[in-house]
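What follows is the residue order along each chain.
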Amino acid sequence: MLEKNCELPMHEFELIKKYFLKLAKSNKSSLNLNDDVFFDKKKGLVISIDTYNEGSHFLNFKKPDLVIKKIIRSSISDLICKGVTPKFYFVSGSGNKNTFSHKKLLNISKSLSEEQKKYGILLCGGDTTFSNKLSFSITSVGYSKNIIYRNRAKYNDDIYVTGNLGDSFVGLQLLKNKIKVSKKIKDYFINKYYLPEIKINLTKRLLKFANTSIDVSDGLIADLDKMINKQKLSYTLREKDIPISKNLIKLIKDKKLSKLKYISNGDDYQILFTASPSKNRIIQNSSKNLGIKITKIGKINSGSKQNEIIDQKNKQILVKNKGYKHQF
C-alpha cells in the first residue's frame, strides 16, 4: 500500500535553506540569502526584489492608484533600511483585461509618476504578462559602498524603531469590516494602510549609528527575530515604549484591544535597528533635526537569556502571534 505524501508546511527560510542556499554559496554579494538586499561592495551596487499578490499582500484592486503606491514604498523600504538611497526600479505585473483596464492603467501611471517625484526614483523597465491572478514584482536599485547588514547587533545595544506601529494593520481590519469607527478615524487608518510613511530622509544618517537594521514588514517581533537570527543574542522589549499613534491609543482603550496584537502584524515599513548606547545623542539629534520620530524600545542581551517582552506591570508577556509567516 502506497503512503500518502503528507509534507508539513515549510517556512520561507526553511525553503531557501533547503533548495536555494547552496546555489548562492560562492556569491558573497548574495549575503547568504539572509538579508534584505543583494550587495556588490566592489561595484557599490544594491538590489532588492519583492513580489505582491492580490489577497495576500494587498486586499483587492479597487483602488489601483493607492495599491501601486503601497507596493512601491514597501519595495524601496528594503533599500532605505540598509542606509541606501533608492535610484531606479523595475515593475512587472500579471493581470487581465479587468485588472489592467485603460482606466486602471492610467491611475497606475499617474501614481508611479507621483512616487517618482516624491522619492527621486526612475522607472527603468519591467514586464507584463496575462494572468487571472493579479500580482506585481518590483526590483529596486541603489548605489552605496556600505550598507547596514542584518546580524550585526552587539551585546548591550539599544533597540530603536522609527515612526509608529500598528496603524496599517488597523486599516486592513477596517477594510475587512472587522472594526467599526467614525468615518474620520476610518479614513486615517486606511490612509496609513495604503500610504506607509517611509523614512527616506533618515537613509544616510543610519550609516552613522545603526549596527544592524531591517524594515518592519512582517511585524515588529517577527522582524526583530529575523534581524538577529544568526547571532547568539536575545532581546528585551518594553511594551509601554513601543510607539503607537494617538488614534491607536484611543482605539485600544475604547475597544479594549491588545496593543501587542496590533504592533505585531506588519505592513508598517518603519526602520527597526540597534545601536550602541554611546550613539543615543546622535540618534536623538538626528530625530530632532529631521523631524522623524525615533523611539528606544528595548535592549539586546546575551544569548544565554530568553527573548522577552515586558508589559506595563513589569510582567513578561507570552506572545502567541509574532507576525506574518511566509509559509508554503
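Overview of the structure. Computed from a prediction, not measured in an experiment: that's the story for all the values here.

## As for the packing of aromatic side chains
Inference 1: Taken as a whole and judged by the stated rule, the model has 12 aromatic pairs.
Inference 2: Relative to Phe136, the ring of Phe61 has its centre 5.8 Å away and its plane inclined at 45°; by these criteria the two rings are tilted. Separated by 75 residues along the polypeptide, Phe61 in the loop between β2 (45-53) and α3 (64-80) and Phe136 in strand β5 (residues 135-143) bring together distant segments of the chain.
Inference 3: Residue classification places Phe61 among the buried positions, given a relative accessible area of 4%.
Inference 4: Taking the centre distance of 5.0 Å and the plane angle of 75° together, the rings of Tyr188 and Phe189 count as edge-to-face.
Inference 5: Three or more aromatic residues joined by ring pairs form one cluster here, namely Phe58, Phe61, Phe100 and Phe136.
Inference 6: Here the basic side chain of Lys70 rests over the ring of Tyr193, its NZ or CZ set 4.0 Å away from the ring centre.

## Some words on the sheet that holds strand β3 (residues 86-95)
Inference 1: Ordered by their spatial adjacency, five strands build an open sheet running β1-β2-β5-β3-β4, and the pairing between neighbours is mixed. In this open sheet, the two strands that pair with only one neighbour each are β1 (38-40) and β4 (122-130). Neighbour to neighbour, the strand axes of the sheet diverge by 15° on average, direction disregarded.
Inference 2: Examined bridge by bridge, β2 and β5 share nine bridges and lie antiparallel to one another. Paired with Ile49 across the two strands is Thr139, which belongs to β5.
Inference 3: Seen against the sheet, helix α4 (residues 102-119) touches β3, β4 and β5 and runs at an angle of roughly 165° to β3.

## Observations concerning the environment of Asp127
Inference 1: Within the element layout of this structure, Asp127 appears in strand β4.
Inference 2: What Asp127 contacts, discounting residues up to four positions off in sequence, is Val91, Ser92 and Gly93.

## Thoughts on unusual backbone geometry
Inference 1: Of note in the backbone geometry, Asn32 takes a positive phi value of approximately 60° without being a glycine.
Inference 2: With respect to the secondary-structure elements, Asn32 resides in the loop between α2 (21-24) and β1.
Inference 3: Given the relative accessible area of 46%, Asn32 is considered partly exposed.

## Re a nonpolar patch on the surface
Inference 1: Together, Tyr19, Phe20, Leu23 and Leu33 make up a nonpolar patch on the protein surface, roughly 390 Å² of accessible area in all.
Inference 2: Within the secondary structure, Leu23 is located in helix α2.
Inference 3: You can call Leu23 exposed: its relative accessible area is 63%.

## Considerations on the pattern of salt bridges
Inference 1: Evaluation of the coordinates by the stated rule reveals 17 salt bridges.
Inference 2: A salt bridge links Lys82 to Asp35; the nearest nitrogen and oxygen atoms lie 2.9 Å apart. Of the two residues, Lys82 is situated in the loop between α3 and β3 and Asp35 in the loop between α2 and β1; the sequence distance between them amounts to 47 residues.
Inference 3: Asp35 sits in the buried class, given a relative accessible area of 15%.

## Regarding the sheet that holds strand β10 (residues 294-302)
Inference 1: Sheet architecture is open: six strands sit in the order β7-β9-β6-β10-β8-β11, paired in mixed fashion. Sheet topology places β7 (212-215) and β11 (308-310) at the edges, where each strand pairs with a single neighbour. Taking each pair of neighbouring strands and ignoring which way they run, the sheet shows an average axis angle of 25°.
Inference 2: With three bridges connecting them, strand β8 (residues 233-238) and β11 associate as parallel partners. The residue of β11 that forms the bridge with Thr236 is Glu308.
Inference 3: Most of the contacts of helix α11 (residues 280-290) go to β10, to which it runs at about 155°, and overall it touches β6 (158-162), β9 (271-275) and β10.

## Side note on the nonpolar core
Inference 1: Formed by 72 residues in total, the largest nonpolar core has its most connected members in Phe58, Phe136, Leu272 and Phe273.
Inference 2: Among the elements that make up this core, the one with the highest residue count is α3 (six residues).
Inference 3: Discounting residues that sit within four places of it in the chain, Phe273 has contacts with Asp158, Ile159, Tyr160, Leu206, Phe209, Ala210, Thr212, Ser213, Met227, Ile283 and Ile294.
Inference 4: One finds Val37, Phe39, Leu79 and Val84 within the second-largest nonpolar core, a separate group that totals eight residues.

Parameters at a glance
- Residues numbered from 1 in each chain as written.
- Predicted model: local features only at pLDDT ≥ 70, side-chain atom pairs only at ≥ 80, totals over all residues.
- Heavy atoms only, no water.
- Phe/Tyr/Trp six-rings, centres within 6.5 Å; stacked < 30°, edge-to-face > 60°.
- Helix = DSSP H or I, 4+ residues; strand = E, 2+ residues; numbered from the N terminus.
- Buried < 20%, exposed > 50% of the residue type's maximum accessible area, 1.4 Å probe, protein only.
- Lys NZ or Arg CZ within 6 Å of the ring centre and 35° of its normal.
- Pairing = 2+ DSSP bridges.
- Axes fitted to C-alpha atoms, helices over the stretch in contact; angles between N-to-C directions.
- Contact = heavy atoms within 4.5 Å.
- Patch = residues over 30% accessible without salt bridge, like charges linked within 9 Å, V, L, I, M, F, W, Y side chains within 5 Å.
- Areas by Shrake-Rupley, 256 points an atom, 1.4 Å probe, with all protein chains shown as cover.
- Salt bridge = Lys/Arg side-chain N within 4 Å of Asp/Glu carboxyl O.
- Core = buried A, V, L, I, M, F, W, Y, C linked by side-chain atoms within 4.5 Å.

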